[in-house]
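Remarks on the overall topology
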Amino acid sequence: MEIGIIGAGNVGTAMAALLGAHGARVTVTARGARLARIRAEGVHLDDRGTPHHAAIAALPRLDAPQDAVFLCVKAQDLPEAVAANAAGIGPGTLVVPMVNGLPFWFDPASAELGAVLDPGGLLRARLDPAQVLGAVLLMTIRRDAAGRATSTNTPTLSLAPVAGDTDPGRGAGLMAVLNAAGIRASAPDDIREAVLVKLLANIATNPLSALTGCSLAQIGRDPGLRAAAFAVAGEFRAWAAAAGYALPSDRWLGDLLLDAGDFPTSMLQDARAGRVLELGAICRAPMGLARGAGLAMPCLAAILARLEAAPALPLPEAARAAALAGLPLPLAERT
Ligand SMILES: NC(=O)C1=CN([C@@H]2O[C@H](COP(=O)(O)OP(=O)(O)OC[C@H]3O[C@@H](n4cnc5c(N)ncnc54)[C@H](OP(=O)(O)O)[C@@H]3O)[C@@H](O)[C@H]2O)C=CC1
Ligand SMILES: CC(C)(CO)C(=O)C(=O)O
């Protein structure tokens, strides 16, 4: 099986190292200095103390159809990445967008989602829903200046077709390759519900971490930050309940924060590096759906307004308390 990995950031590097080190035929795409370094040194992952290294093919863009392609870019970069790698995606290629947030395939009929997640309609035009496997990745990954990745929890991937009429077994071969590489891959009963469960963690923590510079465990330990995270989670859960999904409790979220330790969320990593934040898929798309259902998300809206008004991100520690003051928390979350 030929596997293409588009994007050699945190997720792409970790996937390429695990798959490549376990004998899968992998080609990764990268740009500039990162491409040169992968060609010279391969890809490296330290997975909870176990090193994985693979010398794999690296190209600026895929040049031949693959059996499966993992899209390991930020959600807002998906259209450009798919267009640039069109030669690697044939009609028989399985396409796996490894993005956080609401994915473009979540509700193809929603114009509201399309406007945020696939503004030019390129993803819907180029990708047949029957070839897309929805994915939810549970992994905490970061990289050092040399591009070597470190991950601190068991790599766990939920994977399933997104179109109702696709053979649910499609992707079974890919699943076997992933499991052989130590990635715990399985098919959830409902891939959309799995997306929302992960999104509960992201929507509650990523913007808050980018604003304040705090890790997941810091958010879990600090009463003010935790209250804000739980307030956003409550707003999101209310929309999900109206849409027919029961999401896990604040207790689940609190445990996740403390278990994750001092991990800087992917959005905090972006804020520190001055990169575009993944706010469309993680915040604006769900807010749009909630708005459409007549539900407001005032605490999330206030955090977004503060992110937009911040002169630089994350805010210095001295400015943290002022940034959190006056957030519209429900009574239950006020300390
Ligand atoms: N970090 C984590 O622990 C986790 C992240 N996620 C999610 O996974 C997704 C990927 O995140 P992550 O790996 O952290 O992101 P990174 O920013 O680390 O990596 C993104 C990669 O995409 C490349 N890229 C950007 N635009 C394009 C393009 N147009 N064509 C080709 N390549 C492109 C970048 O290359 P360049 O550097 O050249 O710009 C970079 O290598 C996100 O949705 C994130 O939220 C999910 C679970 C955990
Ligand atoms: C680890 C986690 C769940 C944090 O919210 C994540 O997915 C991210 O950092 O983007």
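Model, not experiment: these values are computed from the prediction. (Residues numbered from 1 in each chain as written. Chains lettered and ligands numbered in written order. Predicted model: local features only at pLDDT ≥ 70, side-chain atom pairs only at ≥ 80, totals over all residues. Heavy atoms only, no water.)

1. Brief notes about helix α7 (residues 191–212)
- Helix length check: α7, at 22 residues, gives a terminal C-alpha distance of 31 Å against a target of 32 Å (1.5 Å per residue), a fit within 8%.
- The principal kink in α7, of about 30°, is found at Asn-202.
- For α7, a buried count of 20 out of 22 residues is recorded, marking the element as mostly surrounded by other parts of the structure.
- Regarding α7, its N-cap is Asp-190, as a side-chain oxygen of that residue lies 2.9 Å from the backbone nitrogen of Arg-192 further along.
- Directly beyond the C-terminal end of α7, a positive phi value near 80° is found at Gly-213. (Helix = DSSP H or I, 4+ residues; strand = E, 2+ residues; numbered from the N terminus. Expected span 1.5 Å × (residues − 1). Bend = angle between axes of the 7 residues up to and from the residue. Buried < 20%, exposed > 50% of the residue type's maximum accessible area, 1.4 Å probe, protein only. Polar contact = N/O pair within 3.5 Å; in protein donor to acceptor, adjacent residues only side chain to side chain.)

2. Description of the sheet that holds strand β6 (residues 68–71)
- One open sheet holds the 5 strands; their spatial order is β5-β2-β1-β6-β7, and the pairing between them is parallel. Each end of this open sheet is capped by a strand with a single partner; those strands are β5 (57–59) and β7 (94–97). This sheet shows a mean twist of 20° between the axes of neighbouring strands, independent of strand direction.
- Bridge analysis of β6 against β7 gives 4 bridges, and the strand direction is parallel. Of the residues in β7, the one forming a bridge with Ala-68 is Leu-94.
- Its contacts with the sheet place helix α1 (residues 10–21) against β1 (2–6), β2 (25–29) and β6, and it is angled at close to 160° to β1.
- On the sheet, helix α6 (residues 172–180) packs against β1, β6 and β7 and is oriented at approximately 65° with respect to β6. (Pairing = 2+ DSSP bridges. Axes fitted to C-alpha atoms, helices over the stretch in contact; angles between N-to-C directions. Contact = heavy atoms within 4.5 Å.)

3. Structural notes on the site of ligand 2
- Surveying the vicinity of ligand 2 reveals the residues Asn-100, Thr-140, Lys-198, Ala-201, Asn-202, Thr-205, Asn-206, Leu-216, Phe-263, Thr-265 and Ser-266.
- At 2.9 Å from an oxygen atom of ligand 2 is found a side-chain nitrogen or oxygen belonging to Asn-100.
- Between Thr-205 and ligand 2, the recorded distance is 3.0 Å, taken from a side-chain N or O atom to an oxygen atom.
- Summarising the interface, the protein chains cover 93% of the accessible area of ligand 2, which totals 290 Å² for the free molecule.
- With 5 residues, the single largest contributor to the shell around ligand 2 is α7. (Near = heavy atom within 4 Å. Areas by Shrake-Rupley, 256 points an atom, 1.4 Å probe, with all protein chains shown as cover.)

4. Description of the side chain of Glu-235
- Take Glu-235: it is sitting in helix α9 (residues 223–242).
- From its side chain, Glu-235 meets the backbone nitrogen of Cys-299 in a polar contact 2.6 Å long.
- Residues within four places of Glu-235 in sequence aside, it is in contact with Met-297, Pro-298, Cys-299 and Leu-300.

5. Some thoughts on the side chain of Asn-85
- Inspection of the secondary structure assignment puts Asn-85 in the loop between α3 (78–84) and β7.
- When near neighbours in sequence (up to four residues on either side) are disregarded, Asn-85 contacts Ile-6, Thr-29, Arg-61 and Leu-62.

6. Section: the site of ligand 1
- Around ligand 1, 24 residues are found, and the nearest of them are Asn-10, Val-11, Asn-100, Ile-141 and Glu-278.
- Within the backbone of Gly-9, an N or O atom sits 3.1 Å from an oxygen atom of ligand 1.
- In this structure, Asn-100 approaches ligand 1 through a side-chain N or O atom, which is 2.8 Å from an oxygen atom.
- Going through the elements one at a time, α1, α3 and β9 (141–143) are the ones with two or more residues in the shell around ligand 1.
- Residue classes in the shell around ligand 1 are distributed as 11 nonpolar, 6 polar and 7 charged. (Nonpolar A, V, L, I, M, F, W, Y, C, P; charged D, E, K, R; others polar.)

7. Observations regarding the UniProt feature "domain: Ketopantoate reductase C-terminal" (unreviewed entry) in the protein chain
- When the UniProt feature table is mapped onto this chain, "domain: Ketopantoate reductase C-terminal" (unreviewed entry) is found at residues 190–308.
- Secondary structure over residues 190–308 splits into 77% helix and 0% strand, and the C-alpha atoms at its two ends are 34 Å apart. (UniProt positions renumbered as here; feature names shortened; annotations may be inferred.)

8. Focus on unusual backbone geometry
- Cis geometry marks the peptide bond from Leu-313 to Pro-314; its omega dihedral reads -10°.
- Summarising the element assignment, Pro-314 is placed in the loop between α13 (298–309) and α14 (317–324).

9. Structural notes on the pattern of salt bridges
- Here the structure, examined in full by the defined rule, presents 10 salt bridges.
- Between Arg-25 and Glu-2 there is a salt bridge, and its shortest N-O distance comes to 2.7 Å. Linking Arg-25 in strand β2 with Glu-2 in strand β1, this pair joins segments that are 23 residues apart in sequence.
- Under the relative-accessibility criterion, Glu-2 is labelled partly exposed at 30%.
- When the shortest N-O distance is used, the salt bridge between Glu-308 and Arg-284 registers 2.6 Å. On the criterion of sequence distance, the pair formed by Glu-308 in helix α13 and Arg-284 in helix α12 (residues 279–292) is long-range, its members being 24 residues apart.
- A single network of salt bridges, built from pairs that share partners, joins Lys-74, Asp-270 and Arg-275. (Salt bridge = Lys/Arg side-chain N within 4 Å of Asp/Glu carboxyl O.)

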